[in-house]
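Examining the three-dimensional arrangement
One letter stands for each residue in the lines below.
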Amino acid sequence: AGFWCVVPAAGRGMRVGGDRPKQYLPLAGRPLIEHTLERLAAHSRVAGLLVVLAADDPLWPGHVQLRGKPVRTVAGGAERSDSVLAGLDALPAEVAAGDFVLVHDAARPCVRHADIDRLLDLAGAADGGLLGAPLRDTLKRADARGRSVATEPREARWRAFTPQMFRRGPLAAALREAARRGLAPSDEAMAMELAGHAPLLVEGAEDNLKVTTAADFALAEFLLAKTAG
Ligand code: CTP
Ligand code: MG
């Protein structure tokens, strides 16, 4: 069967500040999002892609076909969490409420297949989880003047990546409940935490970079080649 993957790509890329949203800026000669979608579609356990686009996105090329796998699109919302919920609601009916789905940022083109495999195996056995990595650096608390006023414990602190993997129904319910409370959880795991779940943290490679600033493109180009296959 395989897993459907929801790809939020409805952001505006304000921190990059380009002439178009970052997912359409060139990376190694092609729009960034093409690399992300290609890498997901090339994974043998990915069944289809649900790409969440800005309403009336003029840059989406239209009928995309990737390795013979279905690609659907839907319009997203103001926050990433709104976009992901719209994506979940637009999944084909063949994806049951109890089926696992992946959510992966369009802005993370360098995800490794080996990490996707580990997530599918470990989070699938644990009722849901996410890729991430334990914090490496010493963590400081800043005051309003940018002075370091405390050193936070680094133990048990993780950075959260994507893909994140949850069952379709419970994830949609968690996102809907968060929205009802006026919250915009920054990732799927946060929505699940708010709903009382404890998603499994699956350690992934640090090079699963989320392209965030203009300077990240050069690094992503390097990492893209390094993480292929
Ligand atoms: N995203 C989305 N819908 C939103 C906001 C973000 O689908 N309302 C997507 C982005 O397109 C991106 C992913 O969520 O693929 C992660 O978000 P982020 O890195 O913050 O991208 P942007 O919001 O586009 O960038 P910025 O915050 O700098 O404006
Ligand atoms: Mg954003």
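The protein chain has the name 2-C-methyl-D-erythritol 4-phosphate cytidylyltransferase in an unreviewed UniProt entry, where Fulvimonas soli is given as its organism. The UniProt entry for the protein chain carries the following text under Pathway (unreviewed entry): "Isoprenoid biosynthesis; isopentenyl diphosphate biosynthesis via DXP pathway; isopentenyl diphosphate from 1-deoxy-D-xylulose 5-phosphate: step 2/6." Quoted verbatim from the Sequence similarities (unreviewed entry) field of UniProt, the annotation for the protein chain is "Belongs to the IspD/TarI cytidylyltransferase family. IspD subfamily."

To continue, consider the packing of helix α2 (residues 80-89) against helix α4 (residues 168-180). At a closest axis distance of 10 Å, the pairing of α2 and α4 adopts a crossing angle of 140°. Viewed along their axes, α2 and α4 adopt a mutual orientation that is oblique. Classified by chirality, the crossing of α4 by α2 is left-handed. Contacts between α2 and α4 pair S81, D82, V84, L85, L88 and D89 from the former with R168, L171, A172, L175, R176, A178 and A179 from the latter. Partitioned by chemical class, the residues of the contact of α2 with α4 number 8 nonpolar, 1 polar and 4 charged.

All right, on to the sheet that holds strand β7 (residues 129-134) then. Within the open sheet, the 7 strands sit side by side as β5-β4-β1-β6-β10-β7-β11. Their pairing is mixed. Only two strands of the sheet have a single neighbouring strand rather than two, namely β5 (71-75) and β11 (200-203). This sheet shows a mean twist of 30° between the axes of neighbouring strands, independent of strand direction. Pairing of strand β6 (residues 100-103) with strand β10 (residues 158-167), which is carried by 4 bridges, proceeds in the antiparallel orientation.

Another point: helix α3 (residues 113-125). Residues lying three or four places apart along an α-helix face the same way, a consequence of the helix completing one turn every 3.6 residues. Between its first and last C-alpha, α3 extends 18 Å over 13 residues, near the 18 Å set by a 1.5 Å rise per residue. The complete set of buried residues in α3 reads I116, L119, L120 and A123. Projected down its long axis, α3 carries its buried residues within an arc of 100°, all on one side. Facing away from the buried surface of α3 by more than 90 degrees, the exposed residues are A114, D121 and A125. Tucked inside the fold, the buried residues of α3 contact β1 (3-9), β7, β10 and β11. Positive backbone phi, approximately 65°, marks D127, located one or two places after α3.

Calculation rules
Residues numbered from 1 in each chain as written. Chains lettered and ligands numbered in written order. Predicted model: local features only at pLDDT ≥ 70, side-chain atom pairs only at ≥ 80, totals over all residues. UniProt positions renumbered as here; feature names shortened; annotations may be inferred. Axes fitted to C-alpha atoms, helices over the stretch in contact; angles between N-to-C directions. Helix = DSSP H or I, 4+ residues; strand = E, 2+ residues; numbered from the N terminus. Parallel < 35°, antiparallel > 145°, perpendicular 65-115°, else oblique. Left-handed = near helix turned anticlockwise from the far one by under 90°. Contact = placed C-beta atoms within 7 Å. Nonpolar A, V, L, I, M, F, W, Y, C, P; charged D, E, K, R; others polar. Pairing = 2+ DSSP bridges. Expected span 1.5 Å × (residues − 1). Buried ≥ 20, exposed ≤ 12 C-beta atoms within 10 Å, placed from the backbone. Arc of directions from axis to C-beta.

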